[in-house]
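Notes for the structure review
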Amino acid sequence: MPSLLARYSRLLKNRPILTNSVVAATLFASGDVIAQWISPDEIAFDRVLRNALYGGIIFGPIAARMYPYLAKHVHFPRKANVPASNFKDTTVRVVVDQIVWAPFGIALYMSCMGLMQSTPIDDIKKGLKQGWWSTVTANWTVWPLVQMVNFAFVPVEHRVIVVSIVGVFWNAYLSMKSNKSGL
């Protein structure tokens, strides 16, 4: 009987977007359950569903395409005939991930949560103004190191699951932050 990792790898090879979407949906929902478990209120399953939908429909497909793109196209500039530096390439990928994706991804998450709750656009904008920057800066205390290790040592096809596993706790934070902002 093949190992769980072997089955997962086969699914990634045969259906990378679907596999990453299912993993992301499951782990975004798990992060929200943790966030709600910490709070004194009962679990709101509609909120768990919104997080699962975001992970499966938005984050999973984006990440399934983004990590291979970064690996293939984002490199430290170098002159012809100069060997590549894995450390420099990894650093550039982390910088791109954190300067381009993180601010956009956080705004996307917060906006999607608001839209899925039928929150008026003006209220979503207000919530972004109140919580976006502090969430981005909190992101920068966690994710650069995670991504440095992820980009340097994890095969590209397994990067989404690494981000998703670490992301369970980050998603719990995002869920609490988004819920506090009224989104």
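Just so you know, these numbers come straight off a predicted model, no measurement behind them.

1. Here's the deal with the pattern of salt bridges
- Under the counting rule described, the total for this entry stands at two salt bridges.
- Among the ionic pairs, R47 bridges to D32, the shortest N-O distance being 2.7 Å. Of this pair, R47 sits in helix α3 (residues 45–73) while D32 is found in helix α2 (residues 16–38), placing the two residues 15 residues apart along the sequence.
- When its relative accessible area of 0% is taken as the criterion, D32 is described as buried.
- Where D46 meets R50, a salt bridge forms, and the shortest distance between an N and an O atom there is 3.3 Å. Here D46 pairs with R50, and both are found in helix α3, just four residues apart, close to one helical turn.
- Taking relative accessible area as the criterion, D46 reaches 47% and is therefore assigned partly exposed.

2. Here's the deal with the side chain of T19
- When you line up the elements, T19 lands in helix α2.
- The class of T19 is buried, set by a relative accessible area of 9%.
- For T19, the residues in contact, after removing those within four places along its chain, are Y8, L11 and L12.

3. Some words on helix α5 (residues 121–153)
- Between its first and last C-alpha atoms α5 spans 41 Å; for 33 residues at 1.5 Å apiece the expected length is 48 Å, and the helix comes up short by more than 12%.
- The largest bend along α5 reaches roughly 40° and is located at G131.

4. What about the environment of F169?
- When you line up the elements, F169 lands in helix α6 (residues 159–180).
- Among the residues examined, F169 registers a relative accessible area of 59% and is labelled exposed.
- A C-alpha to C-alpha distance of 8.9 Å links F169 and D32, two positions 137 residues apart in sequence.

Thresholds applied
Residues numbered from 1 in each chain as written. Predicted model: local features only at pLDDT ≥ 70, side-chain atom pairs only at ≥ 80, totals over all residues. Heavy atoms only, no water. Salt bridge = Lys/Arg side-chain N within 4 Å of Asp/Glu carboxyl O. Helix = DSSP H or I, 4+ residues; strand = E, 2+ residues; numbered from the N terminus. Buried < 20%, exposed > 50% of the residue type's maximum accessible area, 1.4 Å probe, protein only. Contact = heavy atoms within 4.5 Å. Expected span 1.5 Å × (residues − 1). Bend = angle between axes of the 7 residues up to and from the residue.

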